[in-house]
Each structure stands twice: as C-alpha cells, then as structure tokens.
Amino acid sequence: MNNHPCPICRNLTFNNADEIGDIYPVCFWEMEGGEDEREDINLPAFGPNGELSIAQARKNYVKYGAVEERFKSQVRLPRESKKASL
Ligand SMILES: [Zn+2]
C-alpha cells in the first residue's frame, strides 16, 4: 500500500516496502532511508540524491514540480486519492 507521505512532496507515494534507491514518481526523490528522522534537513546525506538536501528538494518541488529541474519532464502528477492534504 502506498499510504505514507513522501518526505519531499508529501503525496502518498511512500511505501513500507520501498528500499533505498527507489524513485518516487511524483517528485523524483530517490529514497535515502531515514528521511523523516533527519536532524538537519538542510544538510545533504550524500546518498542517492547526492548533494541535494531535503530542504532544497522541497523548494525545487514547489518551483519545478520535481526535486531537480532536470527531472521535471519525468515526473507525473499525484493520483487524486494520493494527493497531499496540505
Ligand atoms: Zn515526493
């Protein structure tokens, strides 16, 4: 079941079975593991997303609809039932 909010876009694309390196289709964040427990979201984890921090990825998602501008043609819109309730 995809019923957990993505750490970046907050749409319910997050899945208990997801593993590090899985890419979320709505924002193109690549799972690093432990995103929700990160103490400083301004610091990158230098994992699958390289130098991209959670804070920067969230800003980019608002601006481009993807965690990085170069991914904006590869993402899809969230399904109606999976949209973030902000
Ligand atoms: Zn996302």
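Going by the structure above, here's the rest.
Residue positions are given per chain, counting from 1 as you read along its sequence in written order. Whole-chain, interface and lining totals are the exception, using all residues; otherwise, since this is a predicted model, local features are given only for residues with pLDDT of at least 70 and side-chain atom pairs are given and counted only at 80 or more.

Colleague: Sorry, what's going on with the overall build of the chain here?
Modeller: Put simply, DSSP H or I for four residues or longer makes a helix, DSSP E for two residues or longer makes a strand, and each gets a number counted from the N terminus. Helices and strands together make up the secondary structure of the chain, namely one helix and two strands. A radius of gyration in this sense is built from C-alpha atoms; the matching globule rule multiplies 2.2 Å by the number of residues raised to 0.38. Expected size for 86 residues packed as a compact globule is a radius of gyration near 12 Å; at 12 Å, the chain falls within 12% of this value. Its C-alpha atoms put the chain at 30 × 25 × 25 Å along the principal axes. In this scheme the burial state of a residue depends on its C-beta neighbours within 10 Å: 20 or more other such atoms mean buried, 12 or fewer mean exposed, and anything in between means partly exposed; the C-beta positions come from the backbone. Expressed as a percentage of its 86 residues, the buried residues of the chain come to 27%. Contact definition: two residues whose C-beta atoms, as placed from backbone geometry, lie within 7 Å. Long-range pairs, those at least 24 residues apart, make up 36% of the contacts in the chain with a sequence separation of at least 6.

Colleague: Would you take a moment to explain the environment of Ser 53 for this structure?
Modeller: Here Ser 53 shows up in the loop between strand 2 (14-15) and helix 1 (54-64). Residue class for Ser 53 comes out partly exposed when judged on the 17 C-beta atoms lying within 10 Å of it. Distance from Ser 53 to Glu 68, taken between C-alpha atoms, is 11 Å for residues 15 residues apart in sequence. Setting aside residues up to four positions removed in sequence, Ser 53 forms contacts with Ile 41, Asn 42, Leu 43 and Pro 44.

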